[in-house]
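Each chain is listed here by its residues.
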Amino acid sequence: MSIDFHSETVKHTYAHREAHADWAQAMAALARPAGKRVVDVGCGGGIYSLAWADLGAATVTGVDFSEVMVATAISQANGHAGLSFRVGAADHTGLPTRSADVVFQRALIHHLADYTDCFREAARLLAPGGMLVVQDRTVEDVGLPGSERHIRGYFFECFPRLAGFESGRRPSDARVRQALQAAGFTQIESRTLWETRKTYGEFGALARDLRARTGRSILHELNDGEIGELVAFIGQRIPPGESIVEQDRWTIWSALA
């Protein structure tokens, strides 16, 4: 029952959340987006497109292959100046050549069998000296044990089969670097970031989020009964009555056109 990004049932799955300040600080230092043209490829419901606009980008164009997601993103934009969305593929956005100073791809490449074509499209979009920023989780990132901070780690402890599914789709640093080089990028660097995903006042709020599979495509590999088991499993490991600051570790690659 893998997630169908074209289904109306997941219309708001990747929309009702804000990018955290720790992510914004990292992007501001890395890409210096103020006054620049940003293209957010695989934008989903527009969470990070809005965040780039808030960082002072001159224009932000969100691109996603799902008409449902793009419609949601447009509704979330709420008339924000300089922010627009369009349907397009990661390897064929339909945008003009050299129309961007920053291309951003978050949680995109683990859905792709090959990265080279989407990186080549990013290279086409970027003006000379422009930056591609790729944010995704490697096998090492997702393999960290579960804790009050790293809730995702409990998914694999409770259902070991998910670890095999996850390791099969996650990128490696070497593979990403190779694809970036093949696409013509230079000055390739990588770093890790602990990004705060969401803060919950109590466990019940997290439980509701998990049952709705909100923003977690891997949970669509579980049926409703298994989701209930997972909620109970995590509930036994988190002290009751305390707020929960959920974080995920990401790897961020940057490269220049």
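For the structure, see preceding data.
Per chain, the residues get numbers from 1 upward, laid out in the order the sequence is written. Per-residue local features are limited, in this predicted model, to residues with pLDDT of at least 70; the limit for side-chain atom pairs, both in listing and counting, is 80 or more; totals at the level of whole chains, interfaces and linings are taken over all residues. Here the side-chain values reflect all heavy atoms present in the structure, with hydrogen atoms and water set aside.

Enquirer: Outline the overall build of the chain, supporting the account with residue identities and numerical values.
Expert: Working definition: helices are DSSP H or I runs of at least four residues, strands are E runs of at least two. Numbering for both runs from the N terminus. If you tally the helices and strands in the chain, you get 10 helices and seven strands. The size measure is the radius of gyration over C-alpha atoms, and the globule rule it meets is 2.2 Å times the number of residues to the 0.38 power. Computed over C-alpha atoms, the radius of gyration of the chain comes to 18 Å, within 12% of the 18 Å expected from 2.2 N^0.38 for 257 residues, which places it in the range of a compact globule. Overall, the C-alpha framework of the chain stretches about 55 × 40 × 35 Å when taken along its three principal axes. Exposure classes here rest on a 1.4 Å probe applied to the protein chains alone. A residue is buried below 20% of its type maximum, exposed above 50%, and partly exposed in between. Considering the chain as a whole, with its 257 residues, one finds that 50% of them fall into the buried category. By definition in these notes, contact holds between two residues if any of their heavy atoms fall within 4.5 Å. Taking the contacts inside the chain whose residues are at least 6 apart along the sequence as the reference set, 75% of them involve residues at least 24 apart. Residue-level accessible areas treat just the shown protein chains as cover; the underlying method is Shrake-Rupley with a 1.4 Å probe. Accessible surface, the chain as shown: approximately 11000 Å² in total, 51% of it carbon and sulfur. This count recognises Lys and Arg as positive and Asp and Glu as negative, with His and chain-terminal groups excluded. By convention, the point assigned to a charge is CZ for Arg, NZ for Lys, CD for Glu and CG for Asp. Charge centroids of the chain, computed over 27 positive and 31 negative side chains, lie 3 Å from each other.

Enquirer: How would you explain the sheet that holds strand E7 (residues 244-256) if you had to name every residue and give the values?
Expert: Pairing between the strands of a sheet comes from backbone hydrogen bonds, and it takes one of two forms, parallel or antiparallel. Any two strands with at least two DSSP bridges between them are considered paired. Overall, mixed pairing links the seven strands, which are arranged E3-E2-E1-E4-E5-E7-E6 in an open sheet. Edge positions in the sheet fall to strand E3 (83-87) and strand E6 (186-200), since each has one partner strand and no second. In this sheet, adjacent strand axes meet at a mean angle of 20 degrees when their direction is disregarded. The pairing of strand E1 (residues 37-41) with strand E4 (residues 100-106) spans four bridges and is classified as parallel. Of the residues in E4, the one forming a bridge with valine 39 is valine 103. Here the axes come from fitting lines to C-alpha atoms, over the contacting stretch only for helices, and the angles between their N-to-C directions go from 0 to 180 degrees. The strands touched by helix H3 (residues 67-77) within the sheet are strand E2 (59-64) and E3, with E3 carrying the most contacts at an inclination of about 170 degrees. Contacting E1, E4 and strand E5 (126-136), helix H4 (residues 116-125) crosses the sheet at an angle of about 145 degrees to E5.

Enquirer: Hey, could you go over the pairing of E7 for me, with residue numbers and the actual values?
Expert: If a strand is regular, its side chains alternate between the two faces of the sheet. The buried fraction of E7 amounts to 10 of the 13 residues, a majority that puts the element mostly inside the structure. Across six bridges, E5 lies against E7 in antiparallel orientation. In the sheet register, valine 134 faces E7, and the bridge partner there is tryptophan 253. For E6 and E7, the ladder comprises 12 bridges, and the chain directions are antiparallel. Among the inter-strand pairings, threonine 196 is bridged to a residue of E7, identified as glutamine 247.

Enquirer: Go over the side chain of glutamate 246 with me, naming the residues and quoting the values.
Expert: Along the chain, glutamate 246 turns up in strand E7. Under this definition, polar contacts are N or O atom pairs within 3.5 Å; protein pairs additionally need one hydrogen-donor-capable and one acceptor-capable atom, and for neighbouring residues in sequence, both atoms have to be side-chain atoms. Engagement of the side chain of glutamate 246 in a polar contact is seen with the side chain of arginine 216, the distance being 2.7 Å. Sequence-distant contacts of glutamate 246, defined by excluding residues within four places in its chain, comprise Arg149, Ile151, Glu195, Thr196, Arg197, Lys198, Tyr200, Leu206 and Arg216.

Enquirer: For the packing of helix H1 (residues 21-31) against helix H2 (residues 47-54), give the residues involved together with the corresponding values.
Expert: At a closest axis distance of 11 Å, the pairing of H1 and H2 adopts a crossing angle of 60 degrees. One way to sum up the angle between H1 and H2 is to call them oblique. Along this stretch, H1 crosses H2, giving a crossing that reads as right-handed. In this structure, H1 uses Trp23, Met27 and Ala31 to contact H2, whose residues at the interface are Tyr48, Ala51 and Trp52. Following the grouping adopted for this structure description, the nonpolar residues are Ala, Val, Leu, Ile, Met, Phe, Trp, Tyr, Cys and Pro, the charged ones are Asp, Glu, Lys and Arg, and the polar ones are all others, Gly among them. Grouping the constituent residues of the contact of H1 with H2 by class yields six nonpolar, no polar and no charged. Angles are sorted into four bins: roughly parallel if under 35 degrees, roughly antiparallel if over 145, roughly perpendicular if 65 to 115, and oblique for all others. What makes a crossing left-handed is the near helix being turned counterclockwise from the far one by less than a right angle; a clockwise turn instead makes it right-handed.

Enquirer: Lay out the environment of glycine 82 in plain terms, naming residues and giving numbers.
Expert: Mapped onto the fold, glycine 82 is located in the loop between H3 and E3. Taking C-alpha positions, glycine 82 is 38 Å from glycine 153, a pair spaced 71 residues apart along the chain. When sequence neighbours within four positions are dropped, the list of residues in contact with glycine 82 reads Ala58, Thr59 and Val60.

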